[in-house]
Amino acid sequence: MEWTFPKRPFRTHGGARVPHHKHTSQIPTAVLPAPKQVTLPMQQHIGAPCQPLVKKGDHVYLGQKIADSDAFVSAPIHASVSGTVSAIQPVMLPGGQVCDAVVIDSDGLMEPDPAICPPVVDSPEQFLAAVRESGLVGLGGAGFPAHSKLNALGKIDTLIVNAAECEPYVTADHREALENSGSVLDGVYAVKKILGVERVLIAVENNKPDVIEILSKIAEDDQRDPENHVRVLALKSRYPQGAEKVLVQACTGRRIPTGKLPADVGCLVMNITSIAFLADYLRTGMPLVKKRVTIDGSAIKEPKNVLVPIGTRIAQVIEFCGGYAQPPRKLLMGGPMMGLALTDDSLPILKQNNAVLAFWEADAQLPEPTACIRCGRCVESCPMLLVPTLLEQYTEQKDVESLEKRGIMTCMECGSCAYNCPANRRLVQAIRLGKSYVKQAGGKR
């Protein structure tokens, strides 16, 4: 597919003008000391869950592989502390599903696995194998195993590095760009070279001028790109600009057909923290064992970005941020638009978790829904060109055939429709329920 670098983003449909609330964007990342215990669920990615490779009483090192699966769409899990396996027990995840988890009591030493060394990567096949061994999944929130996404040799001409971070409050990727910009570009050139990608666009919303400035300067000065095939593209600051299908269209003008992936239109989309991690992994061999998480919201005493071992209890991370300023009424894993509500703060930080937000009573109250006034704002705001009110109606009627015909499975659940609805209809909840009806019906056919 031949195309030139765009001078400005292509136009996309819908979205919402959400407030930014990027309170922690200029606060350097704090590092959480080694926790006394971590809980590592076997399901921290889209795809098949892992099976434990350790048992109670085993000593483990930092970075040691403790769980894996034979399935292609899966990613191994590594110990985020050194210490002793104290239990293998069920744990409930934010979405309500239950899976096994390996619990490790830390010895406080954070002693790395002696077997860790940089991987040998001389071919695309070795690169994909190394990415899988690293345990990398999409760190922007989706959790899709990275090696599965990268397995599109010969189909990709454009790498899009997603630094949009369009959710309110969340600034983890913002800090990654500022604090680890060298690794961002190292990761870009590694993927570009190994997979033979022709062009790279680092996509940043224009509400992050410091990120645009630093990445543009590094990209322009880098001697590895004499033909200037790596560029920064400033995107319009509008939610959900960072969603894959929206991002691909904004950067290239290409539309991803229903049921297809970015690779089907020649694009590979990777989160900026994921691409920086790849560079660090290729240099050191240390797998994915830590995550930068934004801790914010009106109920948090000291909002900040914190680098934490994966599996640390949320309560401990919030305590590190001064604790609660007042009792939280709503606790979210992720941003306020697409994040999942948590029952309590005892759950662990996961690989794909980029934020924990806590809000007090006044900020957590939702107005009661009223009758739809047929204003059409939900249709105008839907990036996927759906009609949310019809999907809500068909869900209430359990009309699976009409739900499928109206394309309910293409909904990305971004929440733009509900955010823009003057009647405060619970459109996303209805669509999620409708999707479950479609899946159940599909399983019975």
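About the criteria used
Residues numbered from 1 in each chain as written. Predicted model: local features only at pLDDT ≥ 70, side-chain atom pairs only at ≥ 80, totals over all residues. Heavy atoms only, no water. Pairing = 2+ DSSP bridges. Helix = DSSP H or I, 4+ residues; strand = E, 2+ residues; numbered from the N terminus. Buried < 20%, exposed > 50% of the residue type's maximum accessible area, 1.4 Å probe, protein only. Right-handed = clockwise from strand over helix to strand, strands pointing away.

Peer 1: Can you help me understand the pairing of strand S15 (residues 330-333) in this one?
Peer 2: Along any regular strand, the residues point their side chains to alternate faces of the sheet. Sheet analysis places S15 next to strand S17 (residues 355-359), joined by four bridges and oriented antiparallel. Paired with Met333 across the two strands is Val356, which belongs to S17. Relative to strand S16 (residues 340-341), S15 runs antiparallel, the two being bridged by two bridges. Residue Leu332 lies in a different strand from S16, and its bridge partner there is Ala341. Counting the residues in the hairpin turn of S15 and S16 gives six residues, including Gly334, whose phi is positive at 110°.

Peer 1: Help me understand the pairing of strand S10 (residues 199-205) in this model?
Peer 2: Buried residues dominate S10, accounting for seven of its seven residues. Sheet analysis places strand S9 (residues 158-163) next to S10, joined by six bridges and oriented parallel. Bridging across to S10, Leu159 finds its partner in Val200. Here six bridges tie S10 to strand S11 (residues 230-235), and the two strands are oriented parallel to one another. Counterpart to Val200 in the pairing with S11 is Val230. Each parallel crossover has a hand, and the one from S10 via helix H5 (residues 209-221) to S11 is right-handed.

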